[in-house]
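Architecture and fold: a report
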Amino acid sequence: MKHTTNFTPGKSFAASKKVITWLAAITTVVALTFTSSCKDDEKVVAPNLTITSFSPTSGGPGTAVELIGAGFSPTASLNAVSINGKVCPVTSATATKVTITIPADAGSGFIMITVGGKTAQRGTFTFIPDPIPLVVTSISPTTGPKNTAVTITGTGFSTITSANVVTLNGKVCPVTNATITSLTVTIPTDAGSGNLSVTVAGKTAQSGLFTFIPDPILSITSIAPTTGAKNTTVTIVGAGFSTTAANNAVTINGKVCAVTNATDTQLTVTIPPAAGSGVIKVTTGTLTAESQTFDFIFTTTVSTFAGSGEGSADGSGTSAQFKKPHDLVFDANGNLFVTDGDNHKIRRITTTGDVSTFAGSSYGFTDGSGNTAQFQFIKGIAIDVNRNLYVADENSQRIRKITSGGEVSTLAGNGSEGSGDNTVGISAQFRYPSGVAVDASGNIYVADKDNHRIRKIVPSGEVSTFAGSSEGAADGNGTSAQFKKPYDAVFDASGNMYVTDSDNHKIRKITPAGEVSTFAGSSYGFSDGPGATAQFQFIKGIAIDANGNLYVADENSHRIRKITPAGVVSTLAGTGSEGFADGAGSTAQFNYPTGVAVDANGNVYVADKDNHKIRKITID
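These numbers come from a predicted model, not from an experiment.

This next bit is on the sheet that holds strand 32 (residues 345–349). Sheets are built from strands that pair by backbone hydrogen bonding, the pairs being arranged parallel or antiparallel. The five strands lie next to each other as 29-33-32-31-30, forming an open sheet whose pairing is antiparallel. Every interior strand has two partners, whereas the edge strands, strand 29 (315–316) and strand 30 (325–330), have only one. Note that strand 29 and strand 33 (residues 354–360) share two bridges and pair antiparallel. Counterpart to Gly315 in the pairing with strand 33 is Val355.

What follows deals with the environment of Lys616. As for its position among the elements, Lys616 is in strand 57 (residues 613–619). Separated by 11 residues in the primary sequence, Lys616 and Tyr605 have C-alpha atoms spaced 4.6 Å apart.

In spatial order, the strands read 54-28-57-56-55; together these five strands make up an open sheet with antiparallel pairing. Looking at strand neighbours, the two that pair on one side only are strand 54 (583–584) and strand 55 (593–598), the edges of this open sheet. Sheet topology note: the strand 56 (residues 604–608)/strand 57 ladder contains five bridges and is antiparallel. When the bridges of strand 57 are listed, Tyr605 appears paired with Lys616.

As a further point, take the nonpolar core. Grouped together as the largest cluster of nonpolar side chains are 21 residues, with contacts concentrated most on Val150, Ile152, Val166, Leu183, Ile187, Leu196 and Val198. Listing elements by their share of this core, those giving two or more residues are strand 10 (135–140), strand 12 (149–155), strand 13 (164–168), strand 15 (175–178), strand 16 (182–186), strand 17 (194–200) and strand 18 (203–212). In terms of nonpolar packing, the next biggest core, distinct from the first, is built from 20 residues, Ile51, Leu67, Val115 and Ala120 among them.

Below, the discussion takes up the environment of Lys484. As for its placement among the helices and strands, Lys484 is situated in the loop between strand 44 (476–477) and strand 45 (486–491). Residue Lys484 is classed as partly exposed on the basis of its relative accessible area, which comes to 28%. As for Lys484 and Thr410, which are separated by 74 residues in sequence, their C-alpha atoms are 26 Å apart.

Moving on to the side chain of Arg561. Within the secondary structure layout, Arg561 lies in strand 52 (residues 559–563). With a relative accessible area of 0%, Arg561 lands in the buried category.

For the coordinates displayed, the defined rule picks out 27 salt bridges. Between Asp610 and Lys609 there is a salt bridge whose closest N-O contact spans 2.9 Å. For Asp610, a relative accessible area of 22% puts it in the partly exposed group. Owing to a relative accessible area of 12%, Lys609 belongs among the buried residues under this scheme. Through salt bridges that share partners, Lys324, Lys540, Glu555, Lys609 and Asp610 make up one connected network.

Turning our attention to unusual backbone geometry. A cis geometry characterises the amide bond from Ser55 onward to Pro56, with omega recorded as -5 degrees. Relative to the helices and strands, Pro56 resides in the loop between strand 1 (50–55) and strand 2 (58–59). A cis amide bond links Ser140 to the next residue, Pro141, at an omega of -5 degrees. Tracing the chain through its elements places Pro141 in the loop between strand 10 and strand 11 (143–144). Phi at Asp190 takes a positive value of approximately 55 degrees, unusual for a residue other than glycine. For Asp190, the location among the structural elements is in the loop between strand 16 and strand 17. Residue Asp190 is classed as exposed on the basis of its relative accessible area, which comes to 55%. Phi is positive for Phe538, which is not a glycine, with a value near 55 degrees. With respect to the element layout, Phe538 can be found in the loop between strand 49 (529–530) and strand 50 (539–544).

This paragraph deals with the pairing of strand 17. In terms of burial, strand 17 is a largely internal element, five of the seven residues being buried. Two elements, strand 13 and strand 17, share five bridges in a ladder whose sense is antiparallel. Each bridged residue has a counterpart across the sheet, and for Asn164 the counterpart in strand 17 is Val200. Across six bridges, the pairing between strand 17 and strand 18 is antiparallel. Along strand 18, the bridge assignment pairs Thr199 with Thr204. In textbook terms, the turn of a hairpin is the stretch between consecutive antiparallel strands, and for strand 17 and strand 18 this stretch comprises two residues, one of which, Ala201, has a positive phi near 50 degrees.

Procedures and definitions
All residue numbers refer to positions counted from 1 along the written sequence of the respective chain. It should be noted that, the model being predicted, local features are given only for residues of pLDDT at least 70 and side-chain atom pairs only at 80 or more, the latter also being counted only at that level, while totals for whole chains, interfaces and linings use all residues. Neither water nor hydrogens contribute to the side-chain values; these are computed over all heavy atoms in the structure. In this analysis, strands are considered paired if DSSP registers two or more bridges between them. Each helix is a run of H or I in the DSSP string that is no shorter than four residues. Each strand is a run of E no shorter than two, and both are numbered from the N terminus. The set of buried Ala, Val, Leu, Ile, Met, Phe, Trp, Tyr and Cys residues whose side-chain atoms join them within 4.5 Å is what this entry labels a nonpolar core. Burial here depends on accessible area, computed with a 1.4 Å probe over protein chains only, as a share of the maximum for the residue type. Under 20% is buried, over 50% is exposed, and the range in between is partly exposed. Salt bridges are defined as contacts in which a side-chain nitrogen from Lys or Arg sits within 4 Å of a carboxyl oxygen from Asp or Glu.

Below is the structure:
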């Protein structure tokens, strides 16, 4: 409402006074009204600061506690909360609720809050301290390779080994022993360097740096050359070799290669004799590395082991004399026994080359001891596990036995030329037997040359025909097969028999079941090669080495031939020309060789019949 008061000069003072009085009344009302309004505002000031409750009332370090009350600031930082003077961080706040965290060293006591200069408290909060804190103080050792045992010292570990989880770069270190203050752990493979981490009941502590030592690396990247004979110098390139030559063990097929120079990346070695083909192994410390295959080239060297010229003299080496030595065999002690054919004697040669007469004297037939015995052009010879010798006494048509003491007896044969079977011992008949062999069971097998058969003599003395029937060249089983003047025989480790079928110029194989097949050879001639592509010229003696390689005296070609277990034929020594020459296998000469034997080291010995000598072929 709008009020207008006009004060006009000349009007009465009384009228003016009424107006003034009215205005004063209005002013008084307004003032009273204003005063009343101010008193109402004073009634809604902030409530007093109080803590009515808190929860939980107990706990350990890190426990979250809610304070319920009034007068709190909604701004968390404006609420100062403590317990025993230790600040409790405020994590959230409203005017009626504040959430705090109990500090690690709080202790039990009243919880106090201060907001805007006002303070309130509530108590008591019961402080539950942590158990022994998890702390790693040291590790020993601080460096090492895989499988290093490390001792971790500290506090708060579990005495139960499985309750302590220890890792290094995330890889588990097995705990092998545990106490409250000590752990023993094993560093795993390829752990790497880093801090050991220990976790117990959800708590984790770390050690200082453990420096991991990786495995040394030993490797071979190449060899040069990759083929060669004995004494070849080979350079091995790789890593991790010892710079001290003697600390690198280098072998091929178990045979030591001398190390002549060494750096950490290169070795120079010498290939030993008779090494054979295979990988070269380098061992440095506990580590071994292998190269690619080194192809070994065997060399053969022929020398004269015993004998000089035709005669019958005992003596050492080349001072001794033989007369058409025919076959030979080794005993377990390395002594070599020779059938000295035209001297009608068994000669013994020791490992040092001393030649003596073991049994026999002159042409004839007499059983007895040593030189009282007589033989008639003895040919093949074999030995059993008891060191008894068996010889084919060709012209007497008998098989003779000689004990290790030199006692000679007749095992089978009546002295008359024939082919009588199923008879015992001296009632049996043979026709110019030339070879003998003994199997693992002690049975004696005879190459009954002119009967074209392989005969069998069991330990009880009964004689039977094992294979062959009449002159021919047929394969087949037992007596359905045919041979033509079989000359000698030998067994392999599996019980297979190999026969030199002389006039068929073949090597025949007979299984333990009596199955006869042609293993190598075809017709008269000279040709190296596999199986039936090979040719021989009246092969005589046969022997076998520890690896199953056969060696035969190819008489009319004046060579010694080698046949692998796969039937591949090669020339070991001899030029093919009749003569006498020592030297390299390819230039050596023989004169109608008839017998062969192999010693424990793989050397081949030859009865070089018409040179009246025993020759040695060194293969290395």
